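Observations on the three-dimensional arrangement
Here's the letter readout for the chains.
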Amino acid sequence: MARAENKADAGGTAQLVAALARALREQQQLSQEQLGKKIGYTGSAISAMETCAQPASDQMLVKLEETIGGGLGVFEKARAFVLLDKYPPQFKDFSLMEAAAVTLSSYETFVVDGLFQTREYARDLISGGFPKPSEEKAEELVEARMARKALFDRDPTAMIELILDESVLRRPFGTWGVHRGQLRSLAKDARRDNVSVQVLPLERGLRGSHAGDRGSMKLVETEEHHHVAYLEIEDESVLVSNPAKVARLSHRYAKIRTQALSPDDSLSLIERLAGEEGK
């Protein structure tokens, strides 16, 4: 059933890759089994790729380029677009902006921002959702989410800000071991020169004001220095580009940032929870 769904949902890039792989394989007079042996996959895996029952993974694309690419670079160029096809529909348009962002600012109220998630945390989060995805689909989504981390080390450098509600730091997914690993990874990322992580305290509402009560948001400064906002709820998304609306959301984000702990105090809290939670 999962493979039938994959065929139906396969994007244009996956279909083009499948057609090119088959054409180049046949041109070089290789059977599916022979090609699979050359690149470390079974003949069945090659068949699944060529029929889009299981589109090519990033690793398979690298191997296809090395083995039958003929120096054309088509499989190498396809890697970014194949990953794009694997993103949930509501996230695809924004993912291109995120990858090219000059500045990315996020406020999250329920889970660690996907850009900062560990593989284990992402897998448990995705696999535990409803409706529950197949194992193959879950792994595709995890792979796509991990690919986003290239933004951390991109040249030119992107400036990345993250504000987390404190409840996020106390909400485990999977196991306490996975949770502690996520907190330690978050602390490590917070020490990057181009990253700022802050925590909005649980008791903020006791102070008489709480600017983050309307939910999560992402703000992006694009390569052209335009400013956009991205909002998502229940598998639906809104990309806001109207300057007045973006300005209002930016002002709200700025207020949330002033109500959050400092980066140093936030890092101390994250490190303390990484050592204490689950004991």
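See the structure above.
Residue numbers restart at each chain and count upward from 1, following the sequence in its written direction. In keeping with the predicted nature of the model, local features appear solely for residues at pLDDT of at least 70, side-chain atom pairs appear and are counted solely at 80 or more, and the whole-chain, interface and lining totals rest on all residues. Where side-chain values are given, they derive from all heavy atoms of the structure, hydrogens and water being excluded.

1. Overview of helix α7 (residues 92–99)
So the rule is basically this: The cut-offs for exposure are 20% and 50% of the maximum accessible area for each residue type, with area from a 1.4 Å probe on protein chains only; residues under the lower value are buried, those over the upper are exposed, and the others partly exposed. The numbering of helices and of strands both runs from the N terminus, where a helix is a DSSP run of H or I of at least 4 residues and a strand a run of E of at least 2. An arc is given here, and it is the one of the directions from the helix axis to the C-beta atoms.
For α7, the full list of buried residues reads Phe94, Ser95 and Glu98. Down the axis of α7, the buried set is contained in an arc of 105°. They therefore lie on one face. What points out from α7, more than 90 degrees from its buried face, is the exposed set Asp93 and Leu96.

2. Notes on the pairing of strand β1 (residues 103–108)
As a general feature of sheets, a regular strand has side chains that alternate between the two faces. Rule in force here: One bridge is not enough; two strands pair if DSSP finds at least two bridges between them.
For β1, the buried fraction is high: 5 of the 6 residues fall into the buried class. Relative to strand β2 (residues 159–165), β1 runs parallel, the two being bridged by 6 bridges. Each residue of the ladder has a partner; that of Ser106, found in β2, is Leu162. In terms of strand pairing, β1 meets strand β4 (residues 217–221) through 5 bridges, oriented antiparallel. Note on β4: the bridge partner recorded for Leu104 is Val220.

3. Digging into the nonpolar core
Selection criterion: The term nonpolar core refers to a set of buried residues drawn from Ala, Val, Leu, Ile, Met, Phe, Trp, Tyr and Cys, joined through side-chain atoms within 4.5 Å. Should any heavy atoms of two residues lie within 4.5 Å, those residues are considered in contact.
In terms of nonpolar packing, the biggest core is built from 38 residues, with Phe116, Ile160, Leu169, Leu186, Val197 and Ile270 touching the most fellow members. Of all the secondary-structure elements, those providing two or more residues to this core are α8 (119–127), β2, α10 (166–170), α11 (176–190), β3 (195–200), β5 (227–233) and α13 (263–276). In this structure, Leu186 is in contact with Phe116, Leu162, Leu164, Leu169, Val197 and Ile270, ignoring residues within four places of it in sequence.

4. Points about the environment of Ile46
With respect to the helices, strands and loops of the structure, Ile46 is situated in helix α4 (residues 43–50). Separated by 10 residues in the primary sequence, Ile46 and Ala56 place their C-alpha atoms 8.6 Å from one another. Ignoring anything within four residues of it in the chain, the contact list for Ile46 reads Gln32, Leu35, Gly36, Ile39, Tyr41 and Met60.

5. Let's talk about the packing of helix α3 (residues 32–39) against helix α5 (residues 58–68)
We apply this condition: The angle between two axes is taken between their N-to-C directions and runs from 0 to 180 degrees, where each axis is a line fitted to C-alpha atoms and a helix contributes only its stretch in contact. By definition in this entry, angles of less than 35 degrees are roughly parallel, angles greater than 145 are roughly antiparallel, angles of 65 to 115 are roughly perpendicular, and the rest are oblique. Gly falls in the polar group here, along with every residue not listed as nonpolar (Ala, Val, Leu, Ile, Met, Phe, Trp, Tyr, Cys, Pro) or charged (Asp, Glu, Lys, Arg).
Direction vectors running N to C along α3 and α5 enclose 105°, while the axes themselves pass 10 Å from each other. Here α5 runs roughly perpendicular to α3, going by the angle between their axes. Contact residues: Leu35, Lys38 and Ile39 in α3; Met60, Lys63, Leu64, Thr67 and Ile68 in α5. Residue classes in the contact of α3 with α5 are distributed as 5 nonpolar, 1 polar and 2 charged.

6. Details of the pairing of β2
Across the 7 residues that make up β2, a large majority, 5, are buried. Where β2 meets β3, 6 bridges bridge the pair, whose relative direction is parallel. By the bridge assignment, Glu161 is partnered in β3 with Ser196.

7. Remarks on the packing of α5 against helix α6 (residues 74–86)
The packing of two helices is summarised by the inter-axis angle and the distance between the axes. Counted only if it meets this: Helix crossings are classified by the rotation of the near helix relative to the far one: an anticlockwise turn of less than a right angle makes the crossing left-handed, while a clockwise turn makes it right-handed.
Put simply, α5 and α6 touch, their axes get as near as 9 Å, and they point 165° apart. In this view, α5 runs roughly antiparallel relative to α6, as classed from their interaxial angle. Considering only the axes of α5 and α6, their crossing is right-handed. Counting all contacts with α5, which are made through Asp58, Leu61, Val62, Leu64, Glu65 and Ile68, the residues of α6 involved are Val74, Phe75, Glu76, Ala78, Arg79, Val82, Leu83 and Lys86. Among the residues forming the contact of α5 with α6, the class breakdown is 9 nonpolar, no polar and 5 charged.

8. Some words on the sheet that holds β4
A sheet is described by the order of its strands in space; here 6 strands give the open sequence β3-β2-β1-β4-β5-β6, paired in mixed fashion. Each end of this open sheet is capped by a strand with a single partner; those strands are β3 and β6 (236–240). For this sheet, the mean inter-axis angle between neighbouring strands, taken without regard to orientation, is 15°. Here α11 sits on the sheet and contacts β2 and β3; the angle it forms with β3, its principal contact strand, is near 130°.

9. Some words on the pattern of salt bridges
Defined as follows: A side-chain nitrogen of Lys or Arg and a carboxyl oxygen of Asp or Glu constitute a salt bridge if their distance falls within 4 Å.
Within the structure shown, the criterion is met by 16 salt bridges. Close ionic contact of Lys137 with Glu140 constitutes a salt bridge, the shortest N to O distance being 3.8 Å. In this pair, Lys137 and Glu140 both sit in helix α9 (residues 135–147), 3 residues apart, roughly one turn of the helix. Its relative accessible area of 29% is what places Lys137 among the partly exposed residues. For Arg170, the salt bridge goes to Glu166, with nearest N and O atoms at 2.8 Å. With Arg170 and Glu166 both in helix α10, this residue pair falls 4 residues apart, about one helical turn. By sharing partners, the salt bridges in this structure join Glu98, Glu108, Asp113, Arg148 and Lys218 into a single network.

In short, shape yes, function no, at least from these values alone.
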